[in-house]
Amino acid sequence: MAVNGIHCFILVLSTIAFSGNLFAQTETTASTGRNIKNSGLFDTDELLHLKLSGRLNELYTDRKDNMTYHPLLLQYWSADSVLHSIRIRAKARGNFRRLKENCKLPPLLLNFPKTEKLGNTIFKKQNKLKLVMPCGGDEYVVREWLVYKLYNLFTEKSFRARLTQVEFQDSAQQRKLETYYCILLEDENDMASRNHATLMNARQLPMERAARDEFTMMAVFQYMIANTDWSVPYMQNIKLLTTDSGKAPIAVPYDFDHAGLVSAPYAGPAPELEISSIRERIYRGYCNPGMMDYVVAFKLFNEKRKEVYETFTNCSYLNSKYLKFATRFLDDFYKTIDNPKSIEEVFNKPCRTNVRVELKGLKD
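Residues numbered from 1 in each chain as written. Predicted model: local features only at pLDDT ≥ 70, side-chain atom pairs only at ≥ 80, totals over all residues. Heavy atoms only, no water.

**Observations regarding helix H8 (residues 320-337)**
Line of reasoning, step 1. Over its 18 residues, H8 extends 26 Å from the first C-alpha to the last, a length consistent with the 26 Å expected when each residue adds 1.5 Å.
Line of reasoning, step 2. Taken as a whole, H8 has its buried residues at Tyr322, Phe325, Ala326, Phe329, Leu330, Phe333, Tyr334, Thr336 and Ile337.
Line of reasoning, step 3. Contacts made by the buried residues of H8 are with helix H3 (138-154), helix H5 (212-225), helix H6 (292-303), helix H7 (305-313) and helix H9 (340-347). (Helix = DSSP H or I, 4+ residues; strand = E, 2+ residues; numbered from the N terminus. Expected span 1.5 Å × (residues − 1). Buried < 20%, exposed > 50% of the residue type's maximum accessible area, 1.4 Å probe, protein only. Contact = heavy atoms within 4.5 Å.)

Here it is as structure tokens:
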């Protein structure tokens with residue numbers, strides 16, 4: 001089933017059980033011509049099957065601040081039944097999800113060899129890729145992936161994401177064979193290059209100095225998904241793009257696992273925000289008394305309304321209970337932006353208070 005380019009495959013996530021060797025199953029799939037096409041890594045949303053082998057236990061336990069790279073073998077079958085094997089390096093990365101007390105598995109950074117060694121593989125233009133690992137269950141990986149797809153609906157200045165089923169094999173046999181759903185995330189430099197822009201490191205940049213239209217749309221999106229875990233001045237889950245030294249930078253969000261729409265079991269709001277649940281929405285933009293920018297943003301969100309809902313309703317990964325929740329959650333957002341009284345109450349709130357909370361996160 002495909003919706004807006006999103007391919008979803010039937011899976012009951014709450015009772016997931018893997019038997020046998022998934023990588024062998026992938027070979028069978030490839031022989032029928034139904035596996036991944038020979039296209040760019042992020043040119044399709046078809047589920048990608050990978051196998052990663054190496055001393056995984058050593059990799060997973062290396063979570064100190066100065067993590068080192070560990071050798072891994074990455075393998076996958078192409079649509080023409082060719083087995084591709086690439087020797088890569090990987091290390092733990094991230095902040096919150098890297099901590100052992102928060103997640104059993106750390107998110108990974110995959111480091112690929114030079115381009116000439118990648119041949120005609122789907123990774124031929126890649127250098128480093130983030131791999132989002134499950135923390136709390138596969139279903140939360142799928143939900144976060146869908147949020148990335150949602151933001152792609154609104155702007156090209158967004159990270160592309162590929163849902164991936166990965167079989168992990170510990171060559172030292174210190175861990176059992178494990179298969180998880182993960183997310184491969186577009187490299188930040190590639191995202192910038194695709195938008196004819198460069199990355200800008202501008203800590204302590206006031207959010208008012210970000211490109212106005214794009215910021216308003218981004219902040220409204222964060223409100224829609226109930227994500228408060230971001231900050232422009234601290235570049236908390238935000239990258240800044242610049243297309244011209246004389247123009248204001250564009251704020252591009254990532255890491256949506258603390259969003260209420262995802263509802264990961266480990267996520268919680270920052271105490272400084274004084275809200276009781278990640279599902280509680282607050283608008284974290286700046287005071288914009290004219291309100292005209294919101295009119296433009298709300299028009300865009302209403303134009304994309306059908307596609308927003310279909311991203312969830314036409315995806316068979318989601319169980320019926322979560323789908324009902326997501327639909328109601330989106331309903332509440334659209335009721336708010338379609339009601340002038342609610343718009344004034346929610347989006348004009350920054351003008352009624354002098355208190356502004358900026359989240360620094362776990363970064364130094």
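**Some details on the pattern of salt bridges**
Line of reasoning, step 1. If you walk through the whole model with that rule in mind, you get 19 salt bridges.
Line of reasoning, step 2. Where Lys51 meets Glu167, a salt bridge forms, and the shortest distance between an N and an O atom there is 3.8 Å. One end of the pair, Lys51, is in strand E3 (residues 48-54); the other, Glu167, is in strand E8 (residues 161-170), with 116 residues separating them in the sequence.
Line of reasoning, step 3. Among the salt bridges present, the one from Glu58 reaches Arg55, with a minimum N-O distance of 3.7 Å.
Line of reasoning, step 4. With relative accessibility at 35%, the residue Glu58 sits in the partly exposed group.
Line of reasoning, step 5. In this structure Arg55 comes out as partly exposed when scored by relative accessible area, which is 46%.
Line of reasoning, step 6. Each member of the salt-bridge network shares a partner with another, and the members are Asp43, Glu156, Arg160, Glu186 and Arg194. (Salt bridge = Lys/Arg side-chain N within 4 Å of Asp/Glu carboxyl O.)

**Description of the sheet that holds strand E11 (residues 238-242)**
Hydrogen bonding along the main chain pairs the strands of a sheet, whether they run parallel or antiparallel.
Line of reasoning, step 1. Across the sheet, which stays open at both edges, the three strands sit in the order E10-E11-E12 with antiparallel pairing between neighbours. Where the open sheet ends on each side, the last strands, each with one partner, are strand E10 (198-200) and strand E12 (250-253). On average, adjacent strands in this sheet sit at an angle of 45 degrees to one another, irrespective of strand direction.
Line of reasoning, step 2. For E10 and E11, the ladder comprises three bridges, and the chain directions are antiparallel. (Pairing = 2+ DSSP bridges. Axes fitted to C-alpha atoms, helices over the stretch in contact; angles between N-to-C directions.)

**Let's talk about the confidence of the model for the protein**
Line of reasoning, step 1. In this model, the protein carries a mean pLDDT of 87, and residues with pLDDT of at least 70 account for 88%.
Line of reasoning, step 2. With pLDDT under 50 throughout, residues 1-5 is counted as low confidence; its partners more than four residues away or in other chains account for 13 contacts.
Line of reasoning, step 3. Below pLDDT 50 for its whole length, residues 9-38 participates in 64 contacts with residues either more than four positions away or in separate chains. (pLDDT = per-residue confidence, 0-100.)

**Some remarks on the state of the cysteines**
Line of reasoning, step 1. All told, the structure shown has two disulfides when counted by the stated rule.
Line of reasoning, step 2. Cys103 shares a disulfide with Cys135; S-S distance 2.0 Å. Since a negative S-S torsion denotes a left-handed disulfide, the Cys103-Cys135 link at about -90 degrees is left-handed. Of the two residues, Cys103 sits in the loop between strand E5 (83-92) and strand E6 (108-111) while Cys135 sits in the loop between strand E7 (128-132) and H3, which places them 32 residues apart along the sequence.
Line of reasoning, step 3. In this model Cys287 forms its disulfide with Cys351; the gap between the sulfur atoms is 2.0 Å. In this structure, the disulfide formed by Cys287 and Cys351 twists by about 100 degrees around the S-S bond and is classed as right-handed. One end of the pair, Cys287, is in the loop between E12 and H6; the other, Cys351, is in helix H10 (residues 349-352), and 64 residues separate them in sequence.
Line of reasoning, step 4. Taking the relative accessible area as the measure of exposure, Cys351 reaches 30% and is therefore partly exposed. (Disulfide = S-S within 2.5 Å.)

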